[in-house]
Amino acid sequence: MAYHKLVKESKIDMTFSGSTVIGCYLYQNRLFCCNVGDSRAVVGKNPSGRKWKAEALSIDHKPSL
């Protein structure tokens, strides 16, 4: 129903539209991460206390990969 309403009432080109989601769950000092689509989860690390680094927790799901 929502899809049909979008198609009929909006001017959005749905040809290249999609959706993405990232879920992260912290359990007993462990982080679980999952993703769908071209979104990426990252975490900031600062082990030396000097310079922050970004580390990817997921890989984008996109046709070029």
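Look above for the structure.
Definitions and limits used
Residues numbered from 1 in each chain as written. Predicted model: local features only at pLDDT ≥ 70, side-chain atom pairs only at ≥ 80, totals over all residues. Heavy atoms only, no water. Pairing = 2+ DSSP bridges. Helix = DSSP H or I, 4+ residues; strand = E, 2+ residues; numbered from the N terminus. Phe/Tyr/Trp six-rings, centres within 6.5 Å; stacked < 30°, edge-to-face > 60°. Salt bridge = Lys/Arg side-chain N within 4 Å of Asp/Glu carboxyl O. Buried < 20%, exposed > 50% of the residue type's maximum accessible area, 1.4 Å probe, protein only. Contact = heavy atoms within 4.5 Å.

1. Digging into the pairing of strand β2 (residues 30-36)
Here is the key point about a regular strand: its side chains alternate between the two faces of the sheet.
Step number 1: Bridge analysis of strand β1 (residues 21-27) against β2 gives seven bridges, and the strand direction is antiparallel. Across the sheet, the residue bridging to C24 is C33, located in β2.
Step number 2: Between β1 and β2, which pair antiparallel and follow one another directly, the connecting turn spans two residues, one of which, Q28, has a positive phi of 45°.

2. Observations concerning the packing of aromatic side chains
Step number 1: On inspection of all chains with the given rule, the structure shows one aromatic pair.
Step number 2: Note on Y25 and Y27: the rings are 6.0 Å apart at their centroids and 10° apart in plane angle, and the pair reads as stacked.

3. Concerning the pattern of salt bridges
Step number 1: Summed over all chains, the structure comprises one salt bridge.
Step number 2: With a shortest N-O distance of 3.0 Å, K45 and E55 are connected by a salt bridge. Linking K45 in strand β3 (residues 42-45) with E55 in strand β4 (residues 53-56), this pair joins segments that are 10 residues apart in sequence.
Step number 3: With relative accessibility at 40%, the residue K45 sits in the partly exposed group.

4. Details of the environment of L57
Step number 1: Looking at the element boundaries, L57 is found in the segment after β4.
Step number 2: Of the residues examined, L57 reaches a relative accessible area of 32% and is grouped as partly exposed.
Step number 3: Here the alpha-carbon distance between L57 and C33, two residues 24 residues apart in the chain, equals 6.9 Å.
Step number 4: Ignoring anything within four residues of it in the chain, the contact list for L57 reads L31, C33, A41, V42 and V43.

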